[in-house]
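# Structure at a glance
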Amino acid sequence: MEFACSSFSWETKDGRHLLGRTYDQFGDLAANRVIGVPPGAGCSPSLHPEGAAPSGRYAYTGMAVLGFGEPILVDGVNAAGLMGALLHYPEYAVYPKKAEPEKTAVHPGRLLAWLLCQCAGVREAVEAMNAITLVDEPIQGKPLPAHYILSDKTGETLVIEPDAGGVRIHRNTIGVLTNSPDYRWHRTNLRNFVGVTNLPKAPRTIAGHEIREFGERLGGGTGLPGDYSSPSRFVRMAFMKEYAVRGENEVDGVSRMFRTFAMVDIPEGLAKGDPDYEVYEQTLCTSVLCAESGLYYFAPAQNRRISAVRLLEAGAEARHFPLGDTQDILYRN
């Protein structure tokens with residue numbers, strides 16, 4: 001399971017709190033489903049539980065990868081308004097082989113489900129992290145290097161990173177996350193771009209001649225990196241969060257957030273994995289979550305129409321929803 005991703009948190013003008021992400025990967029989403037889990041359902045911290053799993057307090061819904069035991073939740077929102085996403089963190093994530101004394105061993109692919117089923121917000125998630133150990137439990141012989149972004153109805157966004165010195169929890173972040181390096185490195189790297197604005201540059205007099213920049217009527221952004229590496233995507237995402245026009249309400253905000261992700265959307269063909277094979281990393285799906293409504297919005301690359309899944313009520317059975325990756329066109333005549 002090797003995938004890139006970009007994520008950021010946002011707020012609408014009427015106070016709705018959103019968290020969105022792109023899901024970038026080689027291959028396809030054949031193993032992925034949007035899942036709905038009702039309150040009271042069993043929630044295992046392991047991919048391969050032994051015995052009955054403890055019951056969860058909250059319903060949650062989100063994207064999961066199936067086929068490796070318990071679902072690997074890569075993003076989701078719960079009934080209390082806690083939202084989270086798992087992003088790839090290669091070469092940096094470090095996990096111990098077993099849990100510390102009197103702590104619960106949690107697989108990195110089960111952390112989001114574990115937090116969403118029991119925590120009402122980021123404050124409770126931080127408290128829950130004190131009682132667990134993220135352990136090295138390989139998937140197909142490999143660990144799952146991951147870091148996480150969480151947000152809630154307060155608007156605070158935190159980042160969780162399992163590093164060599166232990167799990168680091170960054171509180172009150174700028175609300176942006178991509179992949180390696182670590183969050184602190186990315187935030188420091190923004191110092192290289194403090195001169196970037198959304199305004200056009202004023203004409204300058206050089207050697208007695210007035211010189212105007214190309215595309216001066218197209219506004220700013222001069223100096224933003226244009227490639228699809230994790231550092232470049234983080235910078236573009238941070239500046240889009242700063243300058244993008246916020247939505248009036250939830251639906252408007254969700255629609256605008258999908259458009260904002262165009263800055264980091266990886267089209268098929270630009271990130272080839274092997275010179276001898278037609279294999280490309282690309283953005284396969286984009287999702288947006290709302291803390292207040294608990295709605296999970298998503299759109300796979302092959303179907304740009306936005307779909308949504310609601311939280312399940314108590315007593316319902318857990319459900320798996322197909323992504324609907326065939327283009328759905330609304331014909332007007």
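The notes below deal with the structure included here. (Residues numbered from 1 in each chain as written. Predicted model: local features only at pLDDT ≥ 70, side-chain atom pairs only at ≥ 80, totals over all residues. Heavy atoms only, no water.)

When helices and strands are counted, the protein chain shows five helices and 19 strands. With the C-alpha coordinates aligned to their principal axes, the bounding extent of the protein chain is approximately 80 × 60 × 50 Å. In the protein chain, which comprises 333 residues, the share counted as buried stands at 49%. The long-range share in the protein chain, meaning contacts at least 24 apart out of those at least 6 apart in sequence, stands at 66%. Element-wise, carbon and sulfur atoms account for 50% of the exposed surface of the protein chain, whose accessible area totals about 16,300 Å². Charge-centre separation for the protein chain: the mean point of 33 positive side chains lies 5 Å from the mean point of 39 negative side chains. (Helix = DSSP H or I, 4+ residues; strand = E, 2+ residues; numbered from the N terminus. Buried < 20%, exposed > 50% of the residue type's maximum accessible area, 1.4 Å probe, protein only. Contact = heavy atoms within 4.5 Å. Areas by Shrake-Rupley, 256 points an atom, 1.4 Å probe, with all protein chains shown as cover. Lys, Arg positive; Asp, Glu negative; His and termini not counted. Charge placed at Lys NZ, Arg CZ, Asp CG, Glu CD.)

Here the structure, examined in full by the defined rule, presents 13 salt bridges. Residue Lys-13 is joined to Glu-248 by a salt bridge in which the shortest nitrogen-to-oxygen separation is 3.2 Å. In this pair, Lys-13 is assigned in the loop between strand S1 (3-11) and strand S2 (17-26) and Glu-248 in the loop between helix H4 (230-243) and helix H5 (250-260), connecting sequence segments 235 residues apart. When its relative accessible area of 45% is taken as the criterion, Glu-248 is described as partly exposed. (Salt bridge = Lys/Arg side-chain N within 4 Å of Asp/Glu carboxyl O.)

A word on the sheet that holds strand S3 (residues 32-37). Spatial ordering of the open sheet is given by S11-S10-S9-S6-S5-S4-S3-S19, a layout of eight strands whose pairing is antiparallel. Of all strands in the sheet, those with a lone pairing partner are strand S11 (166-170) and strand S19 (319-321), marking the two edges. Across this sheet, the average inter-strand angle for adjacent strands is 20°, counted without regard to direction. In this sheet, strand S5 (residues 72-78) lies alongside strand S4 (residues 60-65) in antiparallel orientation, the contact comprising six bridges. Looking at S5, one finds that Thr-61 is bridged to Val-77. (Pairing = 2+ DSSP bridges. Axes fitted to C-alpha atoms, helices over the stretch in contact; angles between N-to-C directions.)

All right, on to the nonpolar core then. Counting residues in each nonpolar core, the largest one holds 86 residues, and the members touching the most others are Tyr-60, Leu-73, Leu-111, Leu-115, Tyr-148 and Leu-150. No other element matches helix H1 (residues 111-116), which puts six residues into this core. (Core = buried A, V, L, I, M, F, W, Y, C linked by side-chain atoms within 4.5 Å.)

Time to look at a nonpolar patch on the surface. A surface patch of nonpolar side chains, amounting to about 280 Å² of accessible area, comprises Phe-26, Tyr-277 and Val-279. Tracing the backbone through its elements, the reader meets Val-279 in strand S16 (residues 277-290). (Patch = residues over 30% accessible without salt bridge, like charges linked within 9 Å, V, L, I, M, F, W, Y side chains within 5 Å.)

For the rest of this paragraph, the subject is H4. Here H4 spans 20 Å end to end across 14 residues, near enough to the 20 Å set by a 1.5 Å rise per residue. Taken as a whole, H4 has its buried residues at Ser-230, Ser-232, Arg-233, Phe-234, Val-235, Arg-236, Met-237, Ala-238 and Phe-239. Close packing links the buried residues of H4 with S1, S2, strand S12 (176-177), helix H3 (183-189) and H5. (Expected span 1.5 Å × (residues − 1).)

Right, let's get into the environment of Ser-307. With respect to the secondary-structure elements, Ser-307 resides in strand S18 (residues 307-309). A relative accessible area of 27% places Ser-307 in the partly exposed class. Between the alpha carbons of Ser-307 and Gln-140 there is a distance of 32 Å; along the sequence they are 167 residues apart.

To continue, consider the packing of aromatic side chains. For the structure on display, the rule yields six aromatic pairs. Of the aromatic side chains, those joined through ring pairs into one cluster are Phe-8, Trp-10 and Phe-261. Looking at Arg-236, its charged tip hangs above the ring of Tyr-228, at a distance of 5.6 Å from the centre. (Phe/Tyr/Trp six-rings, centres within 6.5 Å; stacked < 30°, edge-to-face > 60°. Lys NZ or Arg CZ within 6 Å of the ring centre and 35° of its normal.)

The next point concerns unusual backbone geometry. Cis geometry marks the peptide bond from Ser-180 to Pro-181, where omega comes out at 5°. Along the chain, Pro-181 falls in the loop between S12 and H3. For Glu-102, which is not a glycine, the phi torsion comes out positive at approximately 65°. You will see that Asn-172, though not glycine, has its phi angle at about 50°, which is positive. With respect to the secondary-structure elements, Asn-172 resides in the loop between S11 and S12.

The topology assignment puts Asp-152 in the loop between strand S9 (146-151) and strand S10 (157-163). Although Asp-152 is buried, it forms no salt bridge, and the closest oppositely charged side chain is Arg-171 at an N-O distance of 7.5 Å. A polar contact of 2.9 Å, which involves the side chain of Asp-152, links it to the backbone nitrogen of Val-122. Among the polar contacts listed, one links the side chain of Asp-152 to the side chain of Thr-154, at a separation of 2.5 Å. (Polar contact = N/O pair within 3.5 Å; in protein donor to acceptor, adjacent residues only side chain to side chain.)

The next subject is helix H2 (residues 122-129). Listing the buried residues of H2 in full gives Val-122, Ala-125, Val-126, Ala-128 and Met-129. Down the axis of H2, the sector holding all buried residues measures 160°, keeping them to one side. On its buried face, H2 sits against H1, strand S8 (132-134), S9, S10 and S11. (Arc of directions from axis to C-beta.)

Everything listed here is a matter of geometry and, on its own, says nothing about what the molecule does.
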